[in-house]
Amino acid sequence: MSNRAFNFCAGPAALPEAVLKRAQAEMLDWRGKGLSVMEMSHRSDDYTAIAEKAEQDVRDLLSIPSHYKVLFLQGGASQQFAEIPLNLLPEGGTADYVDTGIWSRKAIDEARRYGNVNVAASGKAHDYLAIPAEAEWKLTPGAAYLHYASNETIGGLEFDWVPKANAPLVVDMSSDILSRPLDVSQFGMIYAGAQKNIGPSGLVLVIIREDLLGKARAVCPTMLNYTVAAENGSMYNTPASYSWYLAGLVFEWLKEQGGVAAMEARNRAKKDRLYGFIDASSFYHNPIAPAARSWMNVPFRLADEKLDKAFLAGADARGLLNLKGHRSVGGMRASIYNALGLDAIEALVGYMAEFEKEHG
Ligand code: PMP
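Criteria and cut-off values
- Residues numbered from 1 in each chain as written.
- Predicted model: local features only at pLDDT ≥ 70, side-chain atom pairs only at ≥ 80, totals over all residues.
- Heavy atoms only, no water.
- Domains from an automatic or database assignment.
- Contact = heavy atoms within 4.5 Å.
- Buried area = accessible area lost by both parts, 1.4 Å probe.
- Salt bridge = Lys/Arg side-chain N within 4 Å of Asp/Glu carboxyl O.
- Polar contact = N/O pair within 3.5 Å; in protein donor to acceptor, adjacent residues only side chain to side chain.
- Helix = DSSP H or I, 4+ residues; strand = E, 2+ residues; numbered from the N terminus.
- Nonpolar A, V, L, I, M, F, W, Y, C, P; charged D, E, K, R; others polar.
- Buried < 20%, exposed > 50% of the residue type's maximum accessible area, 1.4 Å probe, protein only.
- Near = heavy atom within 4 Å.
- Phe/Tyr/Trp six-rings, centres within 6.5 Å; stacked < 30°, edge-to-face > 60°.
- Axes fitted to C-alpha atoms, helices over the stretch in contact; angles between N-to-C directions.
- Parallel < 35°, antiparallel > 145°, perpendicular 65-115°, else oblique.
- Left-handed = near helix turned anticlockwise from the far one by under 90°.
- Pairing = 2+ DSSP bridges.

Under the domain assignment, the protein is made up of domain 1 (18-256) and domain 2 (259-359). Placing the centre of domain 1 and that of domain 2 at their C-alpha centroids yields a distance of 27 Å. Domain 1 puts 26 residues into the contact, and the matching count from domain 2 is 25 residues. Here domain 1 and domain 2 share an interface that buries about 2000 Å² over both sides, 59% of which is from carbon and sulfur atoms. The largest per-residue losses of area from domain 1 upon contact with domain 2 belong to L129, I154 and R180, which jointly make up 24% of the total buried on that side. If you look at where domain 1 meets domain 2, you find zero salt bridges. In this assembly, domain 1 and domain 2 are joined by 11 residue pairs in polar contact (both at pLDDT 80 or more). Those elements giving two or more residues to the side of domain 1 that touches domain 2 turn out to be α2 (45-62), β7 (157-158) and α6 (241-257). The element that contributes the greatest number of residues to the side of domain 1 that touches domain 2 is α6, accounting for three residues. Here the residues of the side of domain 1 that touches domain 2 are counted per class, giving 13 nonpolar, seven polar and six charged.

Put into structure tokens, the structure is as follows:
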């Protein structure tokens, strides 16, 4: 019997138990080699096989075309906020950004250090509860790229469509990658911090179209240069080797589950159940425009915020962990990434109903 709690943390988030067990079983002695993956040379044949398999599996899962490079980098998604302009925004050029919340604004603030940023659209007028209609976006002719965050982890706001632009699309998919199928060919670059649907924090996955390589500024640090990373198989220096291995175990698990199509069905059932419950209740509330509601991060408020503490304490006592909303937003947030099943949602909804009965 497992005594694992249901972990609704936004990140680092729950990992599939089967993956953790596999890592545990292989921890001291990887496949009879007498050492842990953590202790292997990243140049060894064994590790090369692990790294290549992880890349191939994520290529299979997302049907990544061969003219895209897949990079396993470090520094989390936040470091990409600087790496993107350093690699893709020429001096004097302009990049378009869409502001839909805290993460896209962080990307905007960082990019401004390196060049001209045009905020083509902002969710501010909608209090960040809806995505501005594409017809209102003010795109720059000849922009180096258009950046947006497909899922705002804190606000709980997700695109269920892909913007159209002449410039290459650069998208922060940290909190929704692998949650449903995706047409990679619509994007110039996709990046995702690992600690939600991929693996341990610190690692960041970058999928970049080959024609976008070779454009880095002269001042771009070697370690932040995508071309250097691509030419060296993400091993210009010692990579985050153990995290990469764990990401590989998650990709294998995803394939066993039926891949991203199976995840889509499961995630749809999960979010429908949770939003359905919230909408049917007059005690809980989610303010996001229905079309923009995140499948992965569900913020909600109680009718009286004075009850927040009691709600969280009761949840903790039942093994429903990390439901507190981000400090900038308050209220609650349930992050329901791939590793959580419908059983986690049922446990949460059961508790929410019980709490409402007692306090509503
Ligand atoms: N973008 C999004 C959408 C995120 O959710 C996060 C982390 N929660 C980040 C970027 C930053 O990621 P990291 O902490 O790996 O730098």
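What follows is about the pattern of salt bridges. Taken as a whole, this structure holds 23 salt bridges when the rule is applied. The shortest N-O distance in the salt bridge between E17 and K21 comes to 3.0 Å. Here E17 pairs with K21, and both are found in helix α1 (residues 17-26), just four residues apart, close to one helical turn. In this structure E17 comes out as partly exposed when scored by relative accessible area, which is 28%. K21 gets classed as partly exposed once you look at its relative accessible area, which sits at 48%. For E252, the salt bridge is made with K53, and the minimal N-O distance between the two is 3.2 Å.

This brings us to the side chain of S36. Structurally, S36 can be placed in the loop between α1 and α2. Those residues in contact with S36 that sit more than four places away from it in its chain are M27, L28 and Y242.

Right, let's talk about the site of the ligand for a bit. What surrounds the ligand is the set G76, A77, S78, F81, W103, N151, T153, D172, S174, Q195 and K196. In the environment of the ligand, an oxygen atom lies 3.1 Å from a nitrogen or oxygen atom belonging to the backbone of A77. With respect to the ligand, the side chain of W103 contributes an N or O atom lying 3.4 Å from an oxygen atom. Top element by residues in the shell around the ligand is helix α3 (residues 76-88). It accounts for four residues. Per-class residue counts for the shell around the ligand are three nonpolar, six polar and two charged.

Another aspect to go through is the packing of aromatic side chains. One pass over the full model with this rule turns up 18 aromatic pairs. Each ring, one from Y351 and one from F355, has its centre 6.0 Å from the other, and the planes form 55°; the classification is tilted. Of this pair, Y351 and F355 both sit in helix α9 (residues 342-359), separated by four residues, roughly a single helical turn. Given a relative accessible area of 4%, F355 falls into the buried group.

Looking now at the packing of α1 against α6. Between α1 and α6, whose axes approach to 9 Å, the crossing angle comes to 130°. The angle between α1 and α6 falls in the class oblique. Crossing geometry of α1 relative to α6 is assigned as right-handed. Judged by residue contacts, A18, V19, R22, A23 and E26 of α1 engage Y242, Y245, L246, L249, V250, E252 and W253 from α6.

Contact pair α6 / helix α7 (residues 259-280): the axes reach a minimum separation of 7 Å and the direction vectors enclose 75°. With respect to their mutual orientation, α6 and α7 come out roughly perpendicular. In this structure, α6 contributes W253, L254, K255 and Q257 to the contact, and α7 contributes G259, A262, M263 and R266. In the contact of α6 with α7, the residues fall into four nonpolar, two polar and two charged.

The next thing to look at is the sheet that holds strand β5 (residues 146-149). Strand order in this open sheet of seven strands is β2-β10-β9-β8-β5-β3-β4, and the pairing throughout is mixed. Both edges of this open sheet fall to β2 (68-74) and β4 (116-122), since each of them pairs with a single strand only. Direction aside, the axes of adjacent strands within the sheet are offset by 20° on average. Where strand β3 (residues 94-99) meets β4, six bridges bridge the pair, whose relative direction is parallel. What sits directly across from D99, in β4, is S122. Its contacts with the sheet put α2 on β2 and β10 (203-209), and the angle it makes with β2 is roughly 125°.

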